[in-house]
Amino acid sequence: MSKYQLAIVGGGPAGYTAAECAGKAGLSVVLFEKRNVGGVCLNEGCIPTKTLLYSAKIYDYTKHGRSYGVTIPESSYDLKQIIMRKTKVVRKLVLGIKARLKEANVTIVEGEANIINKNTVQCGGEMYECENLLLCTGSDTFVPPIPGVENVSYWTHKEALDNKEVPASLVIVGGGVIGMEFASFFSSLGVQVTIVEMLDKIIGPMDRELSVMLQNEYAKRGVKFLLQAKVVGISQDDTGFTVSYEDANGSATVTAEKLLMSVGRRPVTQGFGLEKLNLELNGRVIKVNEYLESSVKGVYVCGDLNGVSLLAHTAVREAEVAVHHILGIDDVMSYRAIPSVVYTNPEIAGVGLTEEEAQKKGISYKVIKLSMAFSGRFVAENEGVNGVCKVLVADDDTVLGVHILGNPASELIVLAVMAVEDHWKVEDWKRYVFPHPTVSEIFREL
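The rules behind these values
Residues numbered from 1 in each chain as written. Predicted model: local features only at pLDDT ≥ 70, side-chain atom pairs only at ≥ 80, totals over all residues. Heavy atoms only, no water. Helix = DSSP H or I, 4+ residues; strand = E, 2+ residues; numbered from the N terminus. Rg over C-alpha atoms; globule rule 2.2 N^0.38 Å. Buried < 20%, exposed > 50% of the residue type's maximum accessible area, 1.4 Å probe, protein only. Areas by Shrake-Rupley, 256 points an atom, 1.4 Å probe, with all protein chains shown as cover. Lys, Arg positive; Asp, Glu negative; His and termini not counted. Charge placed at Lys NZ, Arg CZ, Asp CG, Glu CD. Salt bridge = Lys/Arg side-chain N within 4 Å of Asp/Glu carboxyl O. 1 Å grid on protein atoms, 1.4 Å probe; cavity = no way out; pocket = protein on both sides within 12 Å on 5 of 7 lines; lining within 4 Å. Points joined across faces, edges and corners; volume = space filled by probe spheres on them. Nonpolar A, V, L, I, M, F, W, Y, C, P; charged D, E, K, R; others polar. Core = buried A, V, L, I, M, F, W, Y, C linked by side-chain atoms within 4.5 Å. Contact = heavy atoms within 4.5 Å. Phe/Tyr/Trp six-rings, centres within 6.5 Å; stacked < 30°, edge-to-face > 60°. Lys NZ or Arg CZ within 6 Å of the ring centre and 35° of its normal.

For the chain, the helix and strand inventory stands at 11 helices and 23 strands. Relative to a compact globule of 446 residues, whose C-alpha radius of gyration would be 22 Å, the chain shows 23 Å and is just as compact. Overall size of the chain, expressed as C-alpha extent along the three principal axes, is 65 × 65 × 45 Å. Here the chain, with 446 residues, has 50% of them falling under the buried criterion. Looking at the chain as shown, the accessible area adds up to about 21,000 Å², and 50% of this sits on carbon and sulfur atoms. Seen as two clouds, the 45 positive and the 53 negative side-chain charges of the chain have centres 3 Å apart.

The structure is reproduced here in structure tokens:
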């Protein structure tokens, strides 16, 4: 029986980060992964979707080149080439992670792990003994039991990422982050996109005001939004899909050539022996402390499986904290400033409290709101497009939340993360010298 100081089940962002961190610190590490290292995020989620979205963004720029004094008479795209590039990018990054793990002396075992007890894992007929066990099995696409859904060949994000033919029309059930990113991609390629969402707004957790602005921007581009619409039936025939829904106006249907189910994700809890550990639950998810340790000493749970924040960047930080605890390094997990980003065009990002959350919690706040036009760089690079930087502050001007609509919100939000996490006041941004001209200077204008 092979013996290790740390056994990790799942090779996604949490798993490979923990493995590399622990391996570099001198621990003996074995990592079990039944598919490819990188998990859903790298192989069929974060990275491939952003690769496709970047191709779509370039195509968007070519279509609007005249606004920048550049004429491109006949721009076009090749979806097969876009998909091939996506595959190449993923393959390159997977090889990079494997190389880093090898350098950290991590043993990678390909196969489905089965937990025997907290100190023993079985895989491929072999037994592996461990002093500490880290579980990071990720999440799967959740498809609700809508009547008829079991009889149709719908897409999930995975099929949408590998599709090489452009449909004339697409209906997306779910207007969250994944739904909006695919709506952005396919609408840029000229597909007629309809989003059916049960809530009264898209990208539910994000700031309402900015969510509405993003929705309006995509509505101008032809994307149709059916909000507060409950899907009650799905069918398919030779011409495509029919989605039946109910809203305030009664019952109706929408048809399209393809159907993408994008309602949400749920942690993977079955198939690897989790039940043998008898871990304490917090509702439907596993309870962990500030070190990501479960109710069983020496068993840690990171990423989607603990249900706190189903985001890759959260999982990475959780993995670091868990390994630090094993190593005896003083570190705790903070969820105070977890950023959320939607990589549409324009991007939208937020961190900390939204107005809706502050009101619900009875927290007193003020809003500072600036047009992104206060940034010369933004005006230079975004002809005819506006954006907003919205900051919520407490009565003493401590930053409570920041929400940005406009490119590159995904990069700008990092400055806001540090402000929210470390309890900055608005004037603290002014203490730093920002390079000019940059869009980030918007924070000095607040």
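The final tally for this structure, using the stated rule, is 19 salt bridges. For the salt bridge of Asp60 with Lys63, the shortest nitrogen-to-oxygen distance reads 3.4 Å. Of this pair, Asp60 and Lys63 both sit in helix α3 (residues 46-63), separated by 3 residues, roughly a single helical turn. Residue Lys63 is classed as partly exposed on the basis of its relative accessible area, which comes to 38%. Glu381 is the salt-bridge partner of Arg377, the closest N and O atoms lying 2.4 Å from each other. Of this pair, Arg377 and Glu381 both sit in helix α10 (residues 376-381), 4 residues apart, roughly one helical turn. We classify Glu381 as partly exposed; its relative accessible area is 40%. Salt bridges linked by common partners bring Asp207, Glu209, Glu355, Lys369 and Lys390 together as one network.

Here the second largest pocket defines a volume of roughly 420 Å³. Along the wall of the second largest pocket there are 17 residues; nearest its centre are His64, Glu217, Arg221, Asn345 and Val385. Residue assignment for the lining of the second largest pocket shows that the elements contributing at least two residues are α3 and α6 (177-188). If you tally residues by element for the lining of the second largest pocket, the top one is α3, at 3 residues. Taken together, the residues of the lining of the second largest pocket break down into 4 nonpolar, 8 polar and 5 charged.

Let us now look at empty space enclosed by the protein. In total, this model carries 1 cavity of 30 Å³ or more according to the counting rule given. Roughly 40 Å³ of internal volume is contained in the largest cavity. Residue lining of the largest cavity: Thr141, His157, Ile178, Met261, Ser262, Val263, Gly264 and Arg265, and that is the complete set. Here the lining of the largest cavity is built from residues that sort into 3 nonpolar, 4 polar and 1 charged.

Our next topic: the nonpolar core. Counting 34 residues, the largest nonpolar core has Met180, Phe185 and Phe186 as the members making the most contacts within it. Those elements that provide at least two residues to this core are α3, α4 (79-103), α5 (157-162), β8 (169-173), α6, β9 (192-196) and α7 (208-220). Broken down by element, this core gets its largest block of residues, 5 residues, from α6. Contacts of Phe185, omitting those with residues within four sequence positions, involve Leu52, Leu53, Ala56, Leu79 and Ile82. Listed in part, the 29 residues of the second largest apolar core include Ile8, Val94, Val106 and Met333.

Quick look at the packing of aromatic side chains now. One pass over the structure, following the stated rule, counts 9 aromatic pairs. For the ring pair Phe182 and Phe186, a centre distance of 6.3 Å and an interplane angle of 25° mean the geometry is stacked. Placement of both Phe182 and Phe186 in helix α6 is noted, with a separation of 4 residues, approximately one turn of the helix. Judged by relative accessible area, Phe182 falls into the buried class, the value being 3%. Judged by its relative accessible area of 1%, Phe186 falls in the buried class. Here the aromatic cluster, defined as three or more aromatic residues joined through ring pairs, consists of Trp155, Phe182, Phe185 and Phe186. Here Arg221 stacks its cationic end above the ring of Tyr218, 4.5 Å away from the centre of that ring.

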